[in-house]
There are 2 protein chains.
Amino acid sequence: MVCAGLARERGFRVAALTIDYNQRHRIELEAAKRIAQTIGAASHVILPLDLRLFGGSALTAAIDVPKDGLGEGIPVTYVPARNLVFLSLALAWAEAAGSSDLFIGVNALDYSGYPDCRPEFVSGFESLARVATKIGSEGGKVRVHAPLQHLKKSEIAREAARLGLDPGASWSCYDPLPGGLACGVCDSCRLRRAGFDEAGIEDGTQYGAPS
Amino acid sequence: MVCAGLARERGFRVAALTIDYNQRHRIELEAAKRIAQTIGAASHVILPLDLRLFGGSALTAAIDVPKDGLGEGIPVTYVPARNLVFLSLALAWAEAAGSSDLFIGVNALDYSGYPDCRPEFVSGFESLARVATKIGSEGGKVRVHAPLQHLKKSEIAREAARLGLDPGASWSCYDPLPGGLACGVCDSCRLRRAGFDEAGIEDGTQYGAPS
């Protein structure tokens, strides 16, 4: 949400892409629709791509989402090559539509250690995008913007407020409870709550467990 | 087909991935099923991914497939970032399944000038794959094999014969005619026919137009 808001603020016409990868937290697709509307996206595609056919992650297979706090190493909520798949699809759409600027909301500070959130992944993708495409191979620029990359979660929360965006419109939880509550104890909830606490900004999420 | 046959010959257990991208020549999905069986693939996933939602190509939009012979530049049959999307998905499956060797049948000699068939794309993807994934970031090797990359079409035809594979089981045409005939005059048919002619090997394809 904040990434899209920043793209809009920088003068871009936003075409929003959401992947319905049959994720455990498919409830985030509803948040994506709300956000695309709020942002005033020129278009919004929700692309079905059933990554459960591959599995291998707590978000796409029958593997429990950890609830005991952030640990060492790359957690089981890592979805194999997910952000590479997502950026590749964004690039495919961008090139088909005559655009060359991609925005992705990855963050490499308050994060779970996913390899595909790191700056070297983002810059490596940008280089490959120039080789992989018609626009790139004909000398056109492909840019991958990751404006949240070096921000703390608390700074992202402040950006949301500065941009006039409603934090409650966004969704972070990996393992939603019945009734549309966030679990409050998965890594994603913990990082989100800590960020809003530090920023002193109302989170807007309804949690099923106390912090 | 030949690429999968070579993977098998090199001792790999083949997991076959076919993307149903709502391509004009969806008839190739039937060929993929036959080939996966013939090759003795350990598994075969046909993954739906509707690239018509993006369009931008004669294979995924209402744009005519050229029939006048190979021209200059990148033709309208180029599908934006397609092989990047395909390899990313193959990598996602491979990592989820605990594998690290990808095979792709791209060819950079008798081809249509697609940027994502070139060696620099394949090697660039291999480098990025190591940054983008858990296996790669933990020091594991990800290898992208493109055994047809530097072969002429006639050599690929000979490899099919050498491996005991039936050329008629494969499909190349971009714009199939009613009744399951290949058009015979799109770039893909032209390259295929010329290759088999040069090799002096029976093609096995039923064409709707004389060569």
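Since the structure is predicted, the reported quantities are computational estimates derived from the model, not experimental observations.

### Section: the overall build of chain A
So, step 1. A count of helices and strands for chain A gives 7 helices and 4 strands.
So, step 2. Taking 2.2 N^0.38 as the reference for a compact globule, 211 residues should give roughly 17 Å; the C-alpha atoms of chain A span a radius of gyration of 17 Å, in line with that estimate.
So, step 3. Expressed along its principal axes, the backbone C-alpha trace of chain A runs to roughly 55 × 40 × 30 Å.
So, step 4. Across the 211 residues in chain A, those meeting the buried criterion constitute 45%.

### A short note on the interface of chain A and chain B
So, step 1. Counting residues at the interface gives 36 residues for chain A and 36 residues for chain B.
So, step 2. Listing elements by their share of the side of chain A that touches chain B, those giving two or more residues are β2 (43-48), α3 (82-97), α4 (119-132) and α5 (134-137) of chain A.
So, step 3. Grouping the constituent residues of the side of chain A that touches chain B by class yields 23 nonpolar, 8 polar and 5 charged.

### Quick notes on the environment of Tyr21(A)
Residues and elements named next belong to chain A.
So, step 1. Positionally, Tyr21 belongs in the loop between β1 (15-20) and α2 (28-39).
So, step 2. Separated by 138 residues in the primary sequence, Tyr21 and Glu159 place their C-alpha atoms 28 Å from one another.
So, step 3. Apart from residues no more than four positions distant in its own chain, Tyr21 is found in contact with Leu49, Asp50, Leu51 and Thr60.

### Here we look at the relation of the copies chain A and chain B
So, step 1. With an RMSD of 0.0 Å, the fit of chain A onto chain B corresponds to turning through 180° and sliding 0.0 Å along the axis. The superposition of one copy onto the other is thereby described by a two-fold rotation axis.
So, step 2. When the interface residues of chain A are mapped onto chain B, 100% of them are again interface residues, pointing to one common binding face.

### Comments concerning α2(A)
All names here are of chain A.
So, step 1. For α2, spanning 12 residues, the distance from its first C-alpha to its last is 16 Å, which sits close to the expected 16 Å at 1.5 Å a residue.
So, step 2. Buried residues of α2: Ala32, Ile35, Ala36 and Ile39, and no others. Looking down the long axis of α2, one finds its buried residues gathered within 100° of arc, a one-sided arrangement. Exposed side of α2, more than 90 degrees from the buried face: Glu30 and Gln37 are the residues found there.
So, step 3. In the stretch just after α2, Gly40 is the one whose phi turns positive, near 75°.

### Here's the deal with helix α7 (residues 187-199) of chain B
Residues and elements named next belong to chain B.
So, step 1. A rise of 1.5 Å per residue sets the reference length of α7, with its 13 residues, at 18 Å; its end C-alpha atoms lie 18 Å apart and thus fit the reference within 8%.
So, step 2. Taken as a whole, α7 has its buried residues at Asp187, Ser188, Cys189, Arg190, Arg192, Gly195, Phe196 and Ala199.
So, step 3. In this fold, the buried residues of α7 make contact with α6 (153-162).
So, step 4. Phi turns positive one or two residues past the end of α7, at Gly200, with a value near 70°.

### A short note on the nonpolar core
So, step 1. Membership of the largest hydrophobic core comes to 120 residues, with the highest contact counts inside it found for Leu87(A), Ala90(A), Leu91(A), Leu87(B), Ala90(B) and Leu91(B).
So, step 2. Not counting the four nearest positions on each side in its chain, Leu91(A) is found in contact with Leu102(A), Ala129(A), Thr133(A), Ala81(B) and Leu84(B).

### Here's the deal with the packing of α4(A) against helix α4 (residues 119-132) of chain B
So, step 1. Running from N to C, α4(A) and α4(B) cross one another at 165°; their axes reach a closest spacing of 10 Å. Classified by the angle their axes make, α4(A) and α4(B) are roughly antiparallel. In terms of crossing hand, the pair formed by α4(A) and α4(B) is left-handed. Only Glu120(B), Phe121(B), Gly124(B), Phe125(B), Ser127(B), Leu128(B), Val131(B) and Ala132(B) of α4(B) make contact with α4(A), whose side of the interface consists of Glu120(A), Phe121(A), Gly124(A), Phe125(A), Ser127(A), Leu128(A), Val131(A) and Ala132(A).

### Let's talk about the pairing of strand β1 (residues 15-20) of chain B
Residues and elements named next belong to chain B.
So, step 1. Examined bridge by bridge, β1 and strand β2 (residues 43-48) share 6 bridges and lie parallel to one another. By the bridge assignment, Ala16 is partnered in β2 with His44.
So, step 2. You can see the chain leave β1, run along helix α2 (residues 28-39) and come back into β2, and the turn it takes is right-handed.

### Some thoughts on the environment of Ala61(B)
So, step 1. By the secondary structure assignment, Ala61(B) is in the loop between β2 and α3 (82-97).
So, step 2. Along the backbone, Ala61(B) and Val79(B) are 18 residues apart, and their C-alpha atoms lie at a distance of 9.8 Å.

### Topic: the packing of α3(A) against α3(B)
So, step 1. Interaxial distance between α3(A) and α3(B) falls to 9 Å at its minimum, and their mutual angle equals 165°. When the axes of α3(A) and α3(B) are compared, the pair comes out roughly antiparallel. Of the two elements, α3(A) crosses α3(B), and the hand of that crossing is left-handed. Each of Arg82(A), Leu84(A), Val85(A), Ser88(A), Leu89(A), Leu91(A) and Ala92(A) in α3(A) lies in contact with α3(B), whose residues at this interface are Arg82(B), Leu84(B), Val85(B), Ser88(B), Leu89(B), Leu91(B) and Ala92(B).
So, step 2. When the residues that make up the contact of α3(A) with α3(B) are grouped by side-chain class, the tally is 10 nonpolar, 2 polar and 2 charged.

### A closer look at unusual backbone geometry
So, step 1. Positioned with a positive phi, Ala81(A) is a non-glycine residue whose angle comes to about 55°.
So, step 2. Locating Ala81(A) in the fold gives a position in the loop between β2 and α3.
So, step 3. For Ala81(A), a count of 32 C-beta atoms within 10 Å puts it in the buried group.
So, step 4. Phi is positive for Asn22(B), which is not a glycine, with a value near 60°.
So, step 5. Relative to the helices and strands, Asn22(B) resides in the loop between β1 and α2.
So, step 6. Classification of Asn22(B) by C-beta neighbours within 10 Å gives partly exposed; the count is 14.

What counts and what doesn't
- Residues numbered from 1 in each chain as written.
- Chains lettered and ligands numbered in written order.
- Predicted model: local features only at pLDDT ≥ 70, side-chain atom pairs only at ≥ 80, totals over all residues.
- Helix = DSSP H or I, 4+ residues; strand = E, 2+ residues; numbered from the N terminus.
- Rg over C-alpha atoms; globule rule 2.2 N^0.38 Å.
- Buried ≥ 20, exposed ≤ 12 C-beta atoms within 10 Å, placed from the backbone.
- Contact = placed C-beta atoms within 7 Å.
- Nonpolar A, V, L, I, M, F, W, Y, C, P; charged D, E, K, R; others polar.
- Least-squares fit on C-alpha atoms with pLDDT ≥ 70 in both.
- Expected span 1.5 Å × (residues − 1).
- Arc of directions from axis to C-beta.
- Core = buried A, V, L, I, M, F, W, Y, C linked by C-beta atoms within 7 Å.
- Axes fitted to C-alpha atoms, helices over the stretch in contact; angles between N-to-C directions.
- Parallel < 35°, antiparallel > 145°, perpendicular 65-115°, else oblique.
- Left-handed = near helix turned anticlockwise from the far one by under 90°.
- Pairing = 2+ DSSP bridges.
- Right-handed = clockwise from strand over helix to strand, strands pointing away.

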